[in-house]
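# Descriptive structure summary
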Amino acid sequence: MTNKGPYYITTAIAYTSGKPHIGNCYEIILADAIARYKKADGFDVHFQTGSDEHGQKIETRAIEEGMTPKEFVDKTAGTIKELWDMMGTSYDRFIRTTDADHERQIQKIFKKLYDQGDIYKGAYEGKYCTECEAFYTETQLKEGKCPVCGGNVHDEKEEAYFFKMKKYADRLIEHIKSHPEFIQPVSRKNEMMNNFLLPGLQDLCVSRTSFKWGIPVDFDERHVVYVWLDALSNYITGIGYDADGESGDLYKKYWPADLHLIGKDIIRFHTIYWPIFLMALGEPLPKQVFGHPWLLQGGEKMSKSKGNVIYVDDMINIFGLDAVRYFVLHEMPYENDGTITWELMTERVNSDLANTLGNLVNRTVAMSNKYFGGTVADKGVVVPEIDDDLKAVVTGAYEKIEKLMDTLHVADALTEIFTVFKRLNKYIDETEPWVLAKDPAKADRLATVLYNLSEGIIIGASLLAPFLPTTAGKIAQQLGTSLRDFDTLGSFGLNQGSKVTETPEILFARLDKEEILKKAEEVQARQRQEFLEHQKVAFANLVKANRMTQAEADEKWAALTGAPAADAKNDAVIDIEAKPEITYDDFAKLQFQVGEIIACEAVKGSKKLLCSKVKIGSQVKQILSGIHAAYEPEEMVGKKVMVLVNLAPRKMAGLVSEGMLLCAEDAEGNLALMKPEKDMPAGAEIG
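Bear in mind the structure is a predicted one, so any value in this text is a computation, not a measurement.

## What to know about the confidence of the model for the protein chain
- Counting all residues, the mean pLDDT for the protein chain is 93, and 98% of those residues have values of 70 or more.
- Segment residues 566–571 is flagged for pLDDT under 50; beyond a separation of four residues in sequence, or across chains, it makes seven contacts in the model.

## A closer look at helix α18 (residues 443–464)
- With 22 residues, α18 should cover 32 Å at 1.5 Å per step; its first-to-last C-alpha distance of 31 Å lies within 8% of that length.
- In terms of burial, α18 is largely enclosed, as 20 of its 22 residues are buried.

## Things to note about the nonpolar core
- Counting 98 residues, the largest nonpolar core has Ile22, Ile34, Trp84, Phe319 and Phe467 as its most contacted members.
- Grouped together as the second largest cluster of nonpolar side chains are 72 residues, Ala134, Phe163, Leu197 and Ala231 included.

## Structural notes on the sheet that holds strand β7 (residues 154–163)
- The strand order across the open sheet built from four strands is β6-β5-β7-β9, with neighbouring strands paired in antiparallel fashion. Single-partner strands in this sheet number two, and they are β6 (134–136) and β9 (204–205).
- Pairing of strand β5 (residues 119–129) with β7, which is carried by 10 bridges, proceeds in the antiparallel orientation. The residue bridging Tyr120 from the neighbouring strand is Phe162, located in β7.

## Brief notes about a negative patch on the surface
- On the surface, a cluster of negative charge is contributed by Glu521, Glu522, Glu632 and Glu634.
- Summarising the element assignment, Glu634 is placed in helix α23 (residues 633–636).

## Examining the packing of aromatic side chains
- Going through the model one piece at a time under the given rule, you end up with 26 aromatic pairs.
- Relative to Tyr161, the ring of Tyr114 lies with its centre 5.9 Å away and its plane at 90°, an arrangement referred to as edge-to-face. Taken together, the positions of Tyr114 in helix α4 (residues 100–115) and Tyr161 in strand β7 put the pair 47 residues apart, joining distant regions of the chain.
- Aromatic ring contacts, followed pair by pair, group Tyr8, Tyr235, Tyr241, Tyr251, Tyr254, Trp255 and Trp274 into a single cluster.
- The ring centre of Tyr128 lies 4.4 Å from the NZ or CZ of Arg208, which sits over that ring.

## Remarks on helix α10 (residues 267–281)
- For α10, built from 15 residues, the straight-helix expectation of 21 Å at 1.5 Å per residue is met to within 8% by its first-to-last C-alpha distance of 21 Å.
- In α10, a bend of some 25° at Tyr273 exceeds every other bend along the element, and Pro275, a proline, comes one to four places later.
- Positive phi appears at Gly282, one or two residues downstream of α10, with a value of about 80°.

## A few points about the pattern of salt bridges
- With the rule as written, the count across this model stands at 41 salt bridges.
- Across the pair Arg93 and Asp101 runs a salt bridge whose closest N-O atoms are separated by 3.2 Å.
- Owing to a relative accessible area of 37%, Asp101 belongs among the partly exposed residues under this scheme.
- Between Lys108 and Asp244 there is a salt bridge, with its nearest N and O atoms 2.9 Å apart. Within this pair, whereas Lys108 is found in helix α4, its partner Asp244 is found in the loop between α8 (234–237) and α9 (249–254), the two being separated by 136 residues in sequence.
- Looking at Lys108, the relative accessible area reads 15%, which means it is buried.
- On the accessibility criterion, Asp244 (56% relative accessible area) is exposed.
- One connected set of salt bridges, linked through shared partners, spans Glu53, Lys70, Asp74 and Arg96.

## A word on the side chain of Asp220
- Among the structural elements, Asp220 can be located in the loop between β10 (207–208) and β11 (224–225).
- A polar atom in the side chain of Asp220 sits 2.7 Å from the side chain of Tyr161.
- Excluding its chain neighbours within four sequence positions, the residues that come into contact with Asp220 are Lys121 and Tyr161.

## Some words on a nonpolar patch on the surface
- Side chains of Ile582, Tyr584, Phe587 and Leu590 sit close together on the surface and give an oily, nonpolar patch of about 440 Å² of accessible area.
- With respect to the secondary-structure elements, Leu590 resides in the loop between α22 (584–588) and β18 (592–602).

## Some points on the packing of helix α12 (residues 321–331) against helix α13 (residues 342–372)
- Contact pair α12 / α13: the axes reach a minimum separation of 10 Å and the direction vectors enclose 100°. With respect to α13, the element α12 is oriented roughly perpendicular. Between α12 and α13, the residues in contact are Ala323, Val324, Tyr326, Phe327, His330 and Glu331 and Leu344, Met345, Arg348, Val349, Asp352 and Leu353, respectively.
- Class assignment of the residues belonging to the contact of α12 with α13 gives a composition of eight nonpolar, one polar and three charged.

## Comments concerning the environment of Thr549
- By the element assignment, Thr549 lies in the loop between α20 (513–544) and α21 (550–561).
- For the pair Thr549 and Lys212, spaced 337 residues apart in sequence, the C-alpha to C-alpha distance is 22 Å.

## Comments concerning the side chain of Asn234
- Relative to the helices and strands, Asn234 is located in helix α8.
- Engagement of the side chain of Asn234 in a polar contact is seen with the backbone oxygen of Ala231, the distance being 2.8 Å.
- The contact partners of Asn234, leaving out residues within four places of it in the chain, are Ile13, Gln48, Ile95 and His102.

## Comments concerning unusual backbone geometry
- The omega torsion of the bond from Gln184 to Pro185 falls at -10°, within 30 degrees of zero and hence cis.
- Position of Pro185 among the secondary structure elements: in the loop between β8 (183–184) and α6 (186–197).
- With an omega of 10°, the peptide bond running from Trp255 to Pro256 counts as cis.
- By the secondary structure assignment, Pro256 is in the loop between α9 and β12 (259–263).
- Of note in this structure, Asn546 is not a glycine but carries a positive phi near 60°.
- Structurally, the position occupied by Asn546 is in the loop between α20 and α21.
- Residue classification places Asn546 among the exposed positions, given a relative accessible area of 70%.

Here is what the cut-offs are and how they apply
Residues numbered from 1 in each chain as written. Predicted model: local features only at pLDDT ≥ 70, side-chain atom pairs only at ≥ 80, totals over all residues. Heavy atoms only, no water. pLDDT = per-residue confidence, 0-100. Contact = heavy atoms within 4.5 Å. Helix = DSSP H or I, 4+ residues; strand = E, 2+ residues; numbered from the N terminus. Expected span 1.5 Å × (residues − 1). Buried < 20%, exposed > 50% of the residue type's maximum accessible area, 1.4 Å probe, protein only. Core = buried A, V, L, I, M, F, W, Y, C linked by side-chain atoms within 4.5 Å. Pairing = 2+ DSSP bridges. Patch = residues over 30% accessible without salt bridge, like charges linked within 9 Å, V, L, I, M, F, W, Y side chains within 5 Å. Areas by Shrake-Rupley, 256 points an atom, 1.4 Å probe, with all protein chains shown as cover. Salt bridge = Lys/Arg side-chain N within 4 Å of Asp/Glu carboxyl O. Lys, Arg positive; Asp, Glu negative; His and termini not counted. Charge placed at Lys NZ, Arg CZ, Asp CG, Glu CD. Phe/Tyr/Trp six-rings, centres within 6.5 Å; stacked < 30°, edge-to-face > 60°. Lys NZ or Arg CZ within 6 Å of the ring centre and 35° of its normal. Bend = angle between axes of the 7 residues up to and from the residue. Polar contact = N/O pair within 3.5 Å; in protein donor to acceptor, adjacent residues only side chain to side chain. Axes fitted to C-alpha atoms, helices over the stretch in contact; angles between N-to-C directions. Parallel < 35°, antiparallel > 145°, perpendicular 65-115°, else oblique. Nonpolar A, V, L, I, M, F, W, Y, C, P; charged D, E, K, R; others polar.

Quick look at the structure:
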């Protein structure tokens, strides 16, 4: 490929408040596909992503986890990076805003802007959203709520440093007008102009004193740099920018960025604050900021409290990596929000991946093996009215896809690639190789047909590689050839002869929708349980740190679980009728041990009973318990419980029960399994 020059692409850095869901991960998959496409198209690509690790919300999350902020962000940034790597992301740097080189440059940037009069000290009083870490005026609120996340805002007043946004507003407006490509899609540009720039900008708070987890202002250490000046600057600090004028070669080569890829909810910060900061620093503005839409779960934003979150690792475990990449890239419109459901994902795998693509490759390889011992060769026997149209569709695809990728219509580009595969499937129907095979005189025509199929597939696979890299590689391996350089994709007939694999692999197996939905239910039940357990610990830690009263914790717990607030109180008591006293010898006859539930299912014909397989030391006992009203079978698996081991076996609902799981019961009959306070091995004695 001809070197087309440098290309710098970034994603928004992921906020380390928790594990990203599939909606958050869409952006990194999209950026990776664009970066891989540009590399294949001859550009010298530098791709940067990372994690945003400072701020008040992080400080609070760390308290919830019982950790220091640094311990918390180390853990969460590690999770984010693991997910990015799991998705095969081809980034060149994963920057963390706690990296020493970044922190030092932020201090230098802040001082430079202060020294030249762009930053001044004042006091802030206004509406603040902790979730978004953003200040808003009364007019920007929507029904008194945060205009971005819809959450509560509160009055905030504190000493702060401010950036003089008004000083650069007219210059930014002129830049946007003279560079129509700068903010995309156009609707985002109109929103920024009409809602923020044209009504007049307020000076921006760029430091805080009400929390400490941030980069200190080195000449006034009561203050930490506000998250947006800190986070946005990663795009230049990560490639070697130096505020003293000693920027490195990487910065000189790649800045300004060709593309900042970000979610539509943070476009204000990237198209107003960030360009103005750059103007003040005397640096060029990025060439384009694209605010992509959201990926919604069944039409709603994903929320742990709603229980509708889908995580990418769960999806990969069920569908496979390239199936997930295909879905999120294909289903996201250019401008409007996309929808993801387990059902829709299953349908796409079956129709597009298993049928249109997988079946095409499998049939071509199988027929090449069956009719020619796997050898692919062009015998030059053509039927122009059929073959010429096929070749035109295949060789014309790159030009169409190039135009779509240049305007970031990625879903449409992927659809265009599958147009090639659909045309190849049609070619099989038109030529009927199985009919040709019956006539020895038509052997050369049959060979030519299979050659044309192989050639068309490898051109399509080469175009597919940036989007589904693993699948494209498998296709090339099965066809016994290599993926093509993009500058050769307009030529049909470059394969001088190859041999397909003798052991073809099914690229995508068809899925049973009911099985997938069952797995989805299990995943969501597990996530819900993990979320509730996490929130219980978080509320307790916030109460302990005096960030929340016990009454507030009880109220929040009740809102999450739907239970009366009183149920969450630790001081609730129940008096029950006393049983006759027993002696120590009576008690000594009872054998209590820790058991681990390794399997559980509902007992047929019973509304109350669950049948659990419980590991106790090296033994596994079957124990029946009347707790189905409180626990679903899938949430029982993995629990450590207290077991009365030497209870005489007895039959219940036709099954033998070999012990008893200990439970607590409140006045309303709600049950809770008794569990050891600390993690103990299965079989540990309780006494």
